[in-house]
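Chain and residue survey
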Amino acid sequence: MKKNELLLLATIMALPAFGQNIVVESYSYLNVIPRQFSADDKPILHFEEETDGGYSIALYNDDIEKINTVNAKDGTFNYTLKYKDQVREVKDVTKEELYREHYRNLDEDFTFEQFLEKERWRGDIEVRVENGDTIVYSTNPYYATRASMSEFFFGYDYFGTKYPINYILCKDNVLYQVRVEYIATYTDWKDVGERTEERSCETPVIELSYINFDGGSSDDNYHFLLSQTLFNDDEKFEYIIPKMTLTDISDWASSVPGDGRYNLQLTHSTLISDYAYPACRGVQVVSSDGTVVHDIDFSNGFEADEYDCQSMTVITIGGKNYLVVEGTSEVNDENTYCTMFYRIDKQSQSIQ
């Protein structure tokens, strides 16, 4: 054995045996409560862990040892929308040729019957006469291309294979490849009644980002779900959840029919609910024991949509802590994107 191999073996034998802690995170990436908001003035790692009822948040110290678990669960905002439904029928379908390309000539060496035999070998075909011309097309192109049948036939779910988009045209002993489009005309809309539709959106625990501008750099950006001393000085953990409501938006869930050029438009639903769009118009700060510590309604018509409210920012500037929320507010009769700053004063335990 060589000298350097002996040295390597001795080094390996001298290494202490360390245990391994495996943290299984189901949803979140690396989250850490900043030391500024922990009771021991130490950062606390935390991860979301799956449970039978959903998930909980497990907390770890700097030895990567689990020290606590908080059952902060996501919620759901349920709401109902009301629609007026209408239907109509197809009155007529017209065809417009987009292009025609020469395929091959027919002669005594390659007759129309031989062409049909060749096409039938590939699969089922349909042959019919339109305005004196003969057209030929496959009725099962899906098996050759694995594409949707609606890509080959106009209104396939309604008409079946009646209106092929691509076909072979036989005219004057010449075969052409042809592509067409169809335009449907309809009867008037007929009311068929009203219906309600149950909807829901998630209201997750809000993920907070922390930037300490007093630290001389805004690069230290932490992500966390829990805090201890952000809102007060006790050792309980707090988290923030959104308060959802429905806002007024006139055209949000109305399906507008097209001209029937590419797809049949036989049904039409018009939203008739006065309020239809879920929006966050406040937050609640909830303690780990389930107590609501703060209940905040946004002012000045400010609101955040269901996606923007899933994350917010906490900043420290001039020795003051602020909760920063991105959203919209009505300014001069127009919805304008803006930023709302809420001053967090843990001494008076107020948020303004």
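Residues numbered from 1 in each chain as written. Predicted model: local features only at pLDDT ≥ 70, side-chain atom pairs only at ≥ 80, totals over all residues. Heavy atoms only, no water.

1. As for the overall build of the protein
Along its length, the protein carries four helices and 22 strands. Looking at the protein as a whole, 39% of its 352 residues qualify as buried. Carbon together with sulfur atoms contributes 46% to the accessible area of the protein, which is approximately 21,400 Å² in total. (Helix = DSSP H or I, 4+ residues; strand = E, 2+ residues; numbered from the N terminus. Buried < 20%, exposed > 50% of the residue type's maximum accessible area, 1.4 Å probe, protein only. Areas by Shrake-Rupley, 256 points an atom, 1.4 Å probe, with all protein chains shown as cover.)

2. Describing the sheet that holds strand β6 (residues 90–105)
Spatial ordering of the open sheet is given by β6-β10-β9-β8-β7, a layout of five strands whose pairing is antiparallel. Strands at the two margins of the open sheet, each flanked by one partner only, are β6 and β7 (125–130). Recorded for the sheet is a direction-independent mean angle of 30 degrees between the axes of neighbouring strands. In the sheet, β6 pairs with strand β10 (residues 174–186) via 13 bridges, with the strands oriented antiparallel. Note on β10: the bridge partner recorded for Val93 is Ala184. (Pairing = 2+ DSSP bridges. Axes fitted to C-alpha atoms, helices over the stretch in contact; angles between N-to-C directions.)

3. Concerning the pattern of salt bridges
Enumeration over the complete set of coordinates arrives at 16 salt bridges. Among the salt bridges present, the one from Glu119 reaches Arg122, with a minimum N-O distance of 3.5 Å. Here Glu119 and its partner Arg122 are both found in helix α2 (residues 112–122), three residues apart, which amounts to about one turn of the helix. Taking the shortest distance from any N to any O, the salt bridge between Lys171 and Asp133 comes out at 3.2 Å. A residue pair is termed long-range when its members are at least 10 positions apart, and Lys171 in strand β9 (residues 166–171) and Asp133 in strand β8 (residues 133–138) qualify at 38 residues. Shared partners join several salt bridges into a network, and the residues in it are Asp85, Arg195, Glu197 and Arg199. (Salt bridge = Lys/Arg side-chain N within 4 Å of Asp/Glu carboxyl O.)

4. Comments concerning the confidence of the model for the protein
Averaged over the protein, the pLDDT score is 84; the fraction of residues at 70 or greater is 84%. Of the regions scoring below 50 in pLDDT, residues 1–18 engages in one contact with residues more than four places distant in sequence or in other chains. Confidence drops under pLDDT 50 across residues 250–256; counting only partners more than four residues distant or on other chains, this segment forms 16 contacts. (pLDDT = per-residue confidence, 0-100. Contact = heavy atoms within 4.5 Å.)

5. Side note on the pairing of β9
Alignment of β8 against β9, held across three bridges, turns out to be antiparallel. When the sheet's bridge partners are listed, Val136 is paired in β9 with Ile168. Here six bridges tie β9 to β10, and the two strands are oriented antiparallel to one another. When the sheet's bridge partners are listed, Ile168 is paired in β10 with Gln177.

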